[in-house]
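Chain residues, written in single-letter form:
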Amino acid sequence: MDQQAPPRTTVFVVDDDEAVRDSLKILLEVHGIEVEDYPSTGAFASHYRRPRRGCLILDQHLPMLNGVDFLNSPIGKSLGIPVILITGRGDQALEQQARQAGVAEFLHKPVSERVLLAAVARATGET
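The model shown is predicted, which means the values in this text are computed figures rather than measured ones.

The next subject is the packing of aromatic side chains. To describe a pair of aromatic rings, you give the distance between the ring centres and the angle between the ring planes. Enumeration according to the criterion identifies 5 aromatic pairs in this entry. Pairing phenylalanine 12 with tyrosine 48 gives two aromatic rings, centres 5.3 Å apart and planes at 85°, and the pair type is edge-to-face. Here the residue phenylalanine 12 occupies a position in strand S1 (residues 10-14), and tyrosine 48 occupies one in the loop between helix H2 (41-47) and strand S3 (54-59), the gap between them amounting to 36 residues. Comparing phenylalanine 12 with tyrosine 48, the two get one shared label, buried. Taken together, Phe12, Tyr38, Phe44, Tyr48 and Phe70 form an aromatic cluster joined through their ring pairs.

See below:
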């Protein structure tokens, strides 16, 4: 009897800054992590299908719908994967809102490679 391989872990990256998306994608792929990247929460939501194994790296400051607002939306609440929220302009109030929205990790830009990879490992359970 053939055993199926477990589904691959995918890290989804949502950031409106193409350079940030590209650098995160390269960093993660160099470490053997499958990545799908999107410029907006709308683009991500239109392509994402449950169930998936992995996590979402979500920028807070996006046009149209910011990260916390997306997580509080019906689509955001039904993702079924851990979320790592990243921000370049965060404070304690935003971190509290993010935690209430269910984020697994709250990181400040610029994020070091070590910190990001550790957060992804914790979020995906691959520590």
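Let us now look at the pairing of strand S4 (residues 83-87). Taking burial as the measure, the 5 residues of S4 include 5 buried ones, the bulk of the element. Judged by which residues are buried, S4 turns out to be covered on both faces: Val83, Leu85 and Thr87 on one side and Ile84 and Ile86 on the other are all buried. Here 4 bridges tie S3 to S4, and the two strands are oriented parallel to one another. Counterpart to isoleucine 57 in the pairing with S4 is isoleucine 84.

Contact geometry of helix H1 (residues 18-30) with helix H6 (residues 113-124) gives a least axis separation of 11 Å together with a crossing angle of 70°. Considered as vectors, H1 and H6 are oriented roughly perpendicular to each other. When the axes of H1 and H6 are compared, the crossing they make is right-handed. Within the contact between the two elements, H1 uses Leu24, Leu27 and Leu28 and H6 uses Glu113, Leu116, Leu117 and Val120.

Together, Asp16, Asp17, Glu18 and Asp22 give the surface a local cluster of negative charge. Note on placement: aspartate 17 falls in the loop between S1 and H1.

Here we take up the side chain of threonine 10. Its location among the elements puts threonine 10 in strand S1. You can call threonine 10 buried: its relative accessible area is 2%. At 3.3 Å, the side chain of threonine 10 and the side chain of glutamate 34 are in polar contact. When sequence neighbours within four positions are dropped, the list of residues in contact with threonine 10 reads Glu34, Val35, Glu36, Arg52, Arg53, Gly54 and Cys55.

Rules behind the numbers
- Residues numbered from 1 in each chain as written.
- Predicted model: local features only at pLDDT ≥ 70, side-chain atom pairs only at ≥ 80, totals over all residues.
- Heavy atoms only, no water.
- Phe/Tyr/Trp six-rings, centres within 6.5 Å; stacked < 30°, edge-to-face > 60°.
- Helix = DSSP H or I, 4+ residues; strand = E, 2+ residues; numbered from the N terminus.
- Buried < 20%, exposed > 50% of the residue type's maximum accessible area, 1.4 Å probe, protein only.
- Pairing = 2+ DSSP bridges.
- Axes fitted to C-alpha atoms, helices over the stretch in contact; angles between N-to-C directions.
- Parallel < 35°, antiparallel > 145°, perpendicular 65-115°, else oblique.
- Left-handed = near helix turned anticlockwise from the far one by under 90°.
- Contact = heavy atoms within 4.5 Å.
- Patch = residues over 30% accessible without salt bridge, like charges linked within 9 Å, V, L, I, M, F, W, Y side chains within 5 Å.
- Areas by Shrake-Rupley, 256 points an atom, 1.4 Å probe, with all protein chains shown as cover.
- Salt bridge = Lys/Arg side-chain N within 4 Å of Asp/Glu carboxyl O.
- Lys, Arg positive; Asp, Glu negative; His and termini not counted.
- Charge placed at Lys NZ, Arg CZ, Asp CG, Glu CD.
- Polar contact = N/O pair within 3.5 Å; in protein donor to acceptor, adjacent residues only side chain to side chain.

By themselves, these figures tell us nothing about what the structure is for.
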